[in-house]
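Observations on chain architecture
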Amino acid sequence: MNYLKLATTDMEISEIALGCWPMAGITSPGATEENSIATIQTCFELGVNHLDTAYCYGHSGESDRLIGKALGARRDETVIATKCGIHWDEQGNMVKDGRPATLRRESEESLRRMGTDRVELLYLHAPDNNVPVAESAGELKRLLDEGKTRSVGVSNANLAQLEQFAANCPVAAYQPAYNILQRQIEADTLPWCRERGITVMVYWVLLKGLLAGKIARDHVFAETDSRRKYPMFRGEEWQKNHDLLDRLRQIAGEAGRPVVELVINWTLRQPGIGVTLCGAKRPEQIRETAAASEWQLTDEQLARIDRALADRGEPQGALPV
């Protein structure tokens, strides 16, 4: 496992992080407490020391509670990131709330759920259009000053929001969606973070499972599967994506690696990308993704991937963030 400094802090984090959203079981059926705890504990043997959770990962904080149960006496061996500013309402809808009082309440409740007195990284989960970014940033700065987090980050923000936040609170990390098919951040927020030494940690690296290469071309998504409504998962875009996967699979096969490792490895080779967040709810899933840190694509392989992407063309209908 490879490690890097979290921005200008003294904390070292693994370049593969465990994304704990699947453990909540909301959009990922089959999650169990036993498997989730085993997955977190497997991270120790793999060298994955960074766990990523959020207040809303579970209707009742399931992800936070699982982390608390799994870590026990090994809490200080991990770098925990959590997020505040999104919760579930009584109707089961996600609600953004960036008011200072809400951010404090959610952050402190997450600490209680995990049985810890601080986290290493606290994100604003997403800016709230009804609350000035400066107000949300100010509250996270107060939580930082109080020692309830060792650093602060921002997720799902555009460049203007990042700039406003950074003017009111030091930013150590930025967490956007990014993958081999969705590269919008390369135009603005990624270079902005690079210039300032902010660590960029990306999610949706495998694009909701598509880029893991395990969903067959003729797969029919269930009516309840939210992916079926996105252009990337149907019609011509779906066929183009599978044509691309066929070429990536060939390159990966020649390297003796599965395509899931190639996709993560490619992501980590992109300038400015520090960490990939890889969701898992079973030990074998984090083992598979962590293996991507064991090797590096060659320049020749990277060039072939670039040609395959050029032939695939610009994706249409990007997924919402």
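Residues numbered from 1 in each chain as written. Predicted model: local features only at pLDDT ≥ 70, side-chain atom pairs only at ≥ 80, totals over all residues. Heavy atoms only, no water.

Right, let's talk about the packing of helix α7 (residues 235-254) against helix α8 (residues 259-268) for a bit. Where α7 contacts α8, the two axes come as close as 8 Å, and the packing angle between them is 95°. Comparing their axes, α8 and α7 come out roughly perpendicular. From α7, Leu245, Leu248, Arg249, Ile251 and Ala252 reach across to α8, where they touch Val259, Leu262 and Val263. (Axes fitted to C-alpha atoms, helices over the stretch in contact; angles between N-to-C directions. Helix = DSSP H or I, 4+ residues; strand = E, 2+ residues; numbered from the N terminus. Parallel < 35°, antiparallel > 145°, perpendicular 65-115°, else oblique. Contact = heavy atoms within 4.5 Å.)

Locating Arg227 in the fold gives a position in the loop between β11 (199-202) and α7. In the structure, Arg227 is positioned 182 residues away from Glu45 in sequence and 33 Å away in space, judged by C-alpha atoms. Look past the residues within four positions of Arg227 in its chain and what remains in contact with it is Lys208, Gly209, Ile215, Phe221 and Phe233.

A few words on the side chain of Ser63. With respect to the helices, strands and loops of the structure, Ser63 is situated in helix α2 (residues 62-71). Dropping the residues within four chain positions of it, Ser63 is found in contact with Cys20, Thr53 and Tyr57.

At a minimum axis separation of 9 Å, helix α3 (residues 100-114) and helix α4 (residues 133-145) run at an interaxial angle of 40°. Here α4 runs oblique to α3, going by the angle between their axes. Our pair here, α3 against α4, has a crossing hand that is right-handed. For the pair α3 and α4, the contacting residues are Pro100, Leu103, Arg104 and Ser107 in the first and Glu135, Ser136, Glu139, Leu140, Arg142 and Leu143 in the second. (Left-handed = near helix turned anticlockwise from the far one by under 90°.)

This brings us to unusual backbone geometry. You will see that Asn156, though not glycine, has its phi angle at about 55°, which is positive. Assessed through its relative accessible area of 23%, Asn156 is described here as partly exposed. For Trp204, which is not glycine, the phi dihedral falls at a positive 60°. Of note, Trp204 is situated in the loop between β11 and α7. (Buried < 20%, exposed > 50% of the residue type's maximum accessible area, 1.4 Å probe, protein only.)

Next up on the list: the pattern of salt bridges. Enumeration over the complete set of coordinates arrives at 36 salt bridges. Its salt-bridge partner being Arg217, residue Asp246 comes within 2.9 Å of it at the nearest N-O pair. Taken as a pair, Asp246 in helix α7 and Arg217 in the loop between β11 and α7 lie far apart in primary sequence, 29 residues in all. Overall, Asp246 belongs to the partly exposed group, its relative accessible area being 39%. A relative accessible area of 31% places Arg217 in the partly exposed class. (Salt bridge = Lys/Arg side-chain N within 4 Å of Asp/Glu carboxyl O.)

What follows covers the pairing of strand β8 (residues 121-124). Burial along β8 is two-sided: the face carrying Leu121 and Tyr123 and the face carrying Leu122 and Leu124 are both buried. Here strand β5 (residues 79-84) runs beside β8; their pairing, made up of four bridges, is parallel. Bridging across to β8, Cys84 finds its partner in Leu124. The parallel pair β8 and strand β9 (residues 152-155), bridged by α4, forms a crossover whose chirality is right-handed. (Pairing = 2+ DSSP bridges. Right-handed = clockwise from strand over helix to strand, strands pointing away.)

This part covers the state of the cysteines. Here, disulfide denotes a covalent bond that connects the sulfur atoms of two cysteines. For the structure shown, the criterion picks out zero disulfides. The closest cysteine sulfur to the non-disulfide-bonded Cys43 is located on Cys20, 7.6 Å from its own sulfur. With no disulfide of its own, Cys56 lies closest to Cys84 among cysteine sulfurs, the gap being 10 Å. (Disulfide = S-S within 2.5 Å.)

Right, let's talk about α3 for a bit. When the terminal C-alpha atoms of α3 are compared, their 21 Å separation across 15 residues agrees well with the 21 Å that a helix rising 1.5 Å per residue should span. All of the buried residues along α3 are Thr102, Leu103, Glu106, Ser107, Ser110, Leu111, Arg113 and Met114. Down the axis of α3, the buried set is contained in an arc of 165°. They therefore lie on one face. Opposite the buried face of α3, at more than 90 degrees from it, the exposed residues are Ala101 and Arg112. Looking at the residues trailing α3, positive phi occurs at Gly115, about 70°. (Expected span 1.5 Å × (residues − 1). Arc of directions from axis to C-beta.)

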